[in-house]
Amino acid sequence: MVIDNPIYFKKPDDNFAIQTFDITRIFGKLVAVNGINLNIKKGELFALLGPNGAGKTTIISMLCCLLKPSSGTALVMGHDINKDPYRVKATLGISPQETTLSDHLNPLENLELIGSLHNMKPKVLRERAKKLLETMGLAERAKDQVRKFSGGMKRRLNIAMALINDPPIIILDEPTLGLDPQSRRVVWKYIARLKKDKTILLTTHYLEEADFLADRIGIIDEGKLVALGTSRDLKNDMIDTHTIVIKAWNLTQKTIMEMKAKYEDVQISDGTMTITDRLADFRKIVDYLHAAGTIIRSAYIREPTLDDVFIKITGKELRE
Amino acid sequence: MRFWSLFTRNIKETCRDVMALAFLLAFPLLFMLLFGAAFGGSNSPSYAVGVVDNDQTEVSQGFINNALSEVSVLQVSTYNDTDTALEKLRLGNISSYIVIPQGFGEQVSQLWQSKQGNISLDITYDESNLAVSEQIISIINSVTRSFAGIEIPITINTNPINIESRITNMDFTAPGIIIFGLLIMIPTAGRLMLHDKETHFLHRIMTTPTHPWEFLAGYASSMVIIAIIQIIIFILLGWMFGMDIIGSIWLAFAIFLLAAVCSIGIGMVVASLSKSENQGESLSWLFSMPLAIVSGVWFSIEFLPPYLQTFANLFPYAHAVSAARAVITRGVGMEAVSGDVYFLIGWAVVVFIVGTILFRRTMRS
């Protein structure tokens, strides 16, 4: 569903953990974030999707009070980012895009540093740090300097540092960037376990990550929020075509020409025909090909992906 | 042509990094300007000299007013007795004092008539300031001969005072070396903050509800510990090489520590202004090297032209060198160096306030 900044979004509401009100940030001539209105419910995992340079990290920097909005504002757990930055910061746990650790400290010391900056009591902090290290599978390396850690271990510690102060809101900026698929799955599982207890704002350009984890997705492009909804809603609302993929042994030129004449988009590659059309009917197509003497190896309807949604909205690939 | 591609890329990189370019061009420029200003042209040093006239004749008054006072490099002050002059020397207000003995006028008059005879003057100088003392004796010798109109050498009874103990060259040079060591803490003081900036770790800790002054205090205090250790090492090594601290070691330590705190403060300001380690390091050296040149750590500030002395006195290090030398070599107490000490304290407070304001801006741009 395409968002058009509805006016009813602009009222402070206790049900929301994060609300932005026409938030805008301009760098010179570049409008990095352009009047975004966003409401993230308490306990929701909200994914902000967009290509590099879309404005995701700028929004996060503003929510974390590291960057002042050029105009507009945001409420984080009811605290205004422009008026009350220290209270805003006290409600947040942040895992930045870069793996930002103190390399010569061990993981326990890293966690204790962040916890102490949040004014946590030493005893509570020590216990929570140990528990987090166990949860993240880092307990055995608790005394090793983190510079000796693998990329995956550092990423997990990066996330643990966002959780050490037990904040109501966790911001995960590209939490799995640069991880191998196996490590990424481990992180996803952990994030999934945090859902409901915490409000999570996740930015990613891995579509499958947003699809797997998010309750709702906001798609941002060139500083503007261009779509908002659940993954299913976005796919259903935005994709009104069907894609049917057929692998066949003996596709003849005549059959291909006939299919191209009937449907909007027909692609042929290595004996595979991909038909995309608003009126494409799976059964009709299979019956037609049978009748034409085509031997079908496999045929299926391809579900629309968020990538399709993104291309449909912006006209470009997410990773561009 | 991979070489050419790399060459053009590096030229573009350098030229497009305004700070790096400014450093590359400004550093040699500033160095040459400072050295040129210090040692080039018609600039000449200025020495404060006291005179005690025990003769009180027209000739002796003429010697003071028409000979000594006419020498541009001398700033002549007259005192009624040697005790006052000695106290001024102890406090560092003058570099030396001349005692015109009774009978000076008579001796000079005889010389003018017969061209024969002898003149004697007593010069008491601060032995710790060796280079300056030699210059002054030489100047007074020439002036007196010129005044008397004689070719024979006059007798100058030099009295290098060992105010409370024997002063060595090390006593004089060590405070300057120590202050130089503390001055070059400027580049190192901000390095950790800049490293954290570059690795984005600073951003992470800025997302906690920590106030700017807490950040600065956190970074600075760790450096203060290092500074204390450095000062202890400096003093111990100085002592091993023959430096005697005639005055209070605690006062000398406090002066060194205040100089170090000022360096750390400047380092923090530089780190707040810079975006990367390279940029910060360049900016730090741009601050510290010219300050080292003009602050009297390597040679006496009196060799500098007055406007450079004024410039040097705007910064903490000339004050720190002067106060530390006074305590170490002349054994003066807090009453004699209080002006310098309060100046250092004021500088430290102001630089940290400026650092906090700049850091606050860094925290939320």
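Remember, it's a predicted structure, so these values are computed and weren't measured experimentally. (Residues numbered from 1 in each chain as written. Chains lettered and ligands numbered in written order. Predicted model: local features only at pLDDT ≥ 70, side-chain atom pairs only at ≥ 80, totals over all residues. Heavy atoms only, no water.)

## Concerning the overall build of chain A
(1) Moving on: When helices and strands are tallied, chain A shows 11 helices and 14 strands.
(2) Moving on: The burial tally for chain A puts 51% of its 320 residues in the buried class.
(3) Moving on: In chain A, 69% of the contacts between residues at least 6 apart in sequence involve partners at least 24 apart.
(4) Moving on: Total accessible area on chain A is roughly 15,600 Å²; 49% of this is exposed by carbon and sulfur atoms. (Helix = DSSP H or I, 4+ residues; strand = E, 2+ residues; numbered from the N terminus. Buried < 20%, exposed > 50% of the residue type's maximum accessible area, 1.4 Å probe, protein only. Contact = heavy atoms within 4.5 Å. Areas by Shrake-Rupley, 256 points an atom, 1.4 Å probe, with all protein chains shown as cover.)

## Structural notes on the pattern of salt bridges
Residues and elements named next belong to chain A.
(1) Moving on: A complete count under the given rule lists 11 salt bridges over all chains for this structure.
(2) Moving on: Residue D211 is joined to K235 by a salt bridge in which the shortest nitrogen-to-oxygen separation is 3.0 Å. With D211 in helix 7 (residues 207–213) and K235 in helix 8 (residues 231–238), this pair connects stretches of sequence that are 24 residues apart.
(3) Moving on: Assessed through its relative accessible area of 33%, D211 is described here as partly exposed. (Salt bridge = Lys/Arg side-chain N within 4 Å of Asp/Glu carboxyl O.)

## Some points on the interface of chain A and chain B
(1) Moving on: Contact with chain A, which involves 28 residues of that partner, is made by 16 residues of chain B.
(2) Moving on: Both faces considered, chain A and chain B share a buried interface measuring about 1,900 Å² in area, 59% of it formed by carbon and sulfur atoms.
(3) Moving on: In terms of surface lost to chain B, no three residues of chain A exceed L66, Y86 and L117 of chain A, which account for 36% of the buried area on that side.
(4) Moving on: Our count for the contact surface shared by chain A and chain B stands at zero salt bridges.
(5) Moving on: Summed over the shared surface of chain A and chain B, the number is four residue pairs in polar contact (both at pLDDT 80 or more). (Buried area = accessible area lost by both parts, 1.4 Å probe. Polar contact = N/O pair within 3.5 Å; in protein donor to acceptor, adjacent residues only side chain to side chain.)

## Observations concerning the packing of aromatic side chains
All names here are of chain A.
(1) Moving on: Throughout the structure, instances matching the rule amount to five aromatic pairs over all chains.
(2) Moving on: Aromatic side chains W188 and F212 sit 5.2 Å apart centroid to centroid with 25° between the ring planes, which places their arrangement in the stacked category. With W188 in helix 6 (residues 181–194) and F212 in helix 7, this residue pair connects regions lying 24 residues apart in the sequence.
(3) Moving on: Given the relative accessible area of 45%, F212 is considered partly exposed. (Phe/Tyr/Trp six-rings, centres within 6.5 Å; stacked < 30°, edge-to-face > 60°.)

## Regarding the confidence of the model for chain B
Residue and element names in this part refer to chain B.
(1) Moving on: On average, residues of chain B score 79 in pLDDT, and 78% of them reach the 70 mark or higher.
(2) Moving on: Here helix 1 (residues 2–16) stands out as the element of chain B with the lowest mean pLDDT, 61, in contrast to helix 12 (residues 249–273), whose mean of 92 is the highest.
(3) Moving on: Model confidence for the complex is summarised by a pTM of 0.70, with the ipTM given as 0.79. (pLDDT = per-residue confidence, 0-100.)

## Observations concerning the sheet that holds strand 11 (residues 242–248) of chain A
All names here are of chain A.
(1) Moving on: Sheet architecture is open: four strands sit in the order 12-13-11-14, paired in antiparallel fashion. Both outer strands of the open sheet, strand 12 (265–269) and strand 14 (296–302), are each paired with one neighbouring strand and no more. Across the sheet, the axes of successive neighbouring strands diverge by a mean angle of 15°, strand direction being ignored.
(2) Moving on: Note that strand 11 and strand 14 share six bridges and pair antiparallel. Directly across from A248, in strand 14, lies its bridge partner I296.
(3) Moving on: Those strands touched by helix 10 (residues 282–291) are strand 11, strand 13 (272–277) and strand 14, and its axis lies near 160° from that of strand 14. (Pairing = 2+ DSSP bridges. Axes fitted to C-alpha atoms, helices over the stretch in contact; angles between N-to-C directions.)

## Observations concerning the pairing of strand 4 (residues 120–126) of chain B
All names here are of chain B.
(1) Moving on: With respect to burial, strand 4 is a largely interior element, five of its seven residues being buried.
(2) Moving on: Relative to strand 4, strand 3 (residues 96–100) is paired through four bridges, and the arrangement is antiparallel. Within strand 4, the residue paired with S96 across the bridge is Y125.

## Concerning the sheet that holds strand 6 (residues 92–95) of chain A
All names here are of chain A.
(1) Moving on: In spatial order, the strands read 6-7-8-3-9-10; together these six strands make up an open sheet with mixed pairing. The open sheet is flanked by strand 6 and strand 10 (224–229), the only strands paired with a single partner. Neighbour-to-neighbour, the strand axes of this sheet turn through a mean angle of 15°, independent of strand direction.
(2) Moving on: Inspection of the sheet shows strand 3 (residues 45–49) paired to strand 8 (residues 199–204) by five bridges, in the parallel sense. By the bridge assignment, L45 is partnered in strand 8 with I200.
(3) Moving on: Its contacts with the sheet put helix 5 (residues 151–163) on strand 6 and strand 7 (169–173), and the angle it makes with strand 6 is roughly 170°.
(4) Moving on: Against the sheet, helix 11 (residues 306–314) engages strand 3, strand 9 (216–221) and strand 10, with an angle of about 40° to strand 9.

## So, a nonpolar patch on the surface
(1) Moving on: Residues I225, I229, I232, I233, L236, L237, W239, M240 and F241 of chain B make up a contiguous nonpolar surface patch of about 980 Å² in total accessible area.
(2) Moving on: Residue position: I229 of chain B is located in helix 11 (residues 212–240). (Patch = residues over 30% accessible without salt bridge, like charges linked within 9 Å, V, L, I, M, F, W, Y side chains within 5 Å.)

## Structural notes on the nonpolar core
Taken as a class, soluble globular proteins show a tendency for nonpolar side chains to be buried jointly.
Residue and element names in this part refer to chain B.
(1) Moving on: Residues I255 and F256 are the most contacted members of the largest nonpolar core, which totals 138 residues.
(2) Moving on: Among the elements that line this core, the one with the most residues is helix 12, at 16 residues.
(3) Moving on: Every residue in contact with I255, bar those within four places of it in the chain, is listed here: A320, A323, A324, V327, V337, V341 and L344.
(4) Moving on: Formed by 27 residues, the second largest nonpolar core is a distinct cluster that contains Y47, I98, V143 and F147. (Core = buried A, V, L, I, M, F, W, Y, C linked by side-chain atoms within 4.5 Å.)

## Some thoughts on the environment of P290 of chain B
(1) Moving on: Structurally, P290 of chain B can be placed in helix 13 (residues 277–294).
(2) Moving on: Each C-alpha atom, one on P290 of chain B and one on A312 of chain B, is 9.5 Å from the other, the two residues being 22 residues apart in sequence.

## Thoughts on the packing of helix 3 (residues 107–117) of chain A against helix 5 of chain A
All names here are of chain A.
(1) Moving on: Axis separation between helix 3 and helix 5 bottoms out at 9 Å; the angle between their running directions is 30°. Judged by the angle between their axes, helix 3 and helix 5 are roughly parallel. Handedness of the crossing formed by helix 3 with helix 5: right-handed. Taken together, the residues of helix 5 that come into contact with helix 3 (itself represented by P107, N110, L111 and I114) are L157, A160 and M161. (Parallel < 35°, antiparallel > 145°, perpendicular 65-115°, else oblique. Left-handed = near helix turned anticlockwise from the far one by under 90°.)

## Regarding unusual backbone geometry
Residue and element names in this part refer to chain A.
(1) Moving on: The phi dihedral of D22 falls on the positive side, at around 50°, and the residue is not glycine.
(2) Moving on: Structurally, the position occupied by D22 is in strand 1 (residues 16–27).
(3) Moving on: In the Ramachandran plot, D270 falls in the positive-phi region, its phi being about 50° despite a non-glycine side chain.
(4) Moving on: Structurally, D270 can be placed in the loop between strand 12 and strand 13.
(5) Moving on: Assessed through its relative accessible area of 77%, D270 is described here as exposed.

## As for the confidence of the model for chain A
A low pLDDT means the predicted coordinates there should not be read in detail.
(1) Moving on: Per-residue pLDDT for chain A averages 86, and the proportion of residues at 70 or more is 95%.
(2) Moving on: Overall, residues 1–8 of chain A carries pLDDT values under 50, and its contacts beyond four positions in sequence, including any with other chains, amount to 16 contacts.

## Observations concerning the packing of helix 3 of chain A against helix 4 (residues 122–135) of chain A
Residues and elements named next belong to chain A.
(1) Moving on: Helix 4 packs onto helix 3 with a crossing angle of 130° between their chain directions and a minimal axis gap of 9 Å. Judged by the inter-axis angle, helix 3 sits oblique to helix 4. Considering how the two elements wind past one another, helix 3 and helix 4 form a crossing that is right-handed. Residues P107, L108, L111, E112, G115 and S116 of helix 3 form the contact with helix 4, whose participating residues are L125, R126, A129, K130 and L133.
(2) Moving on: Grouping the constituent residues of the contact of helix 3 with helix 4 by class yields six nonpolar, two polar and three charged. (Nonpolar A, V, L, I, M, F, W, Y, C, P; charged D, E, K, R; others polar.)

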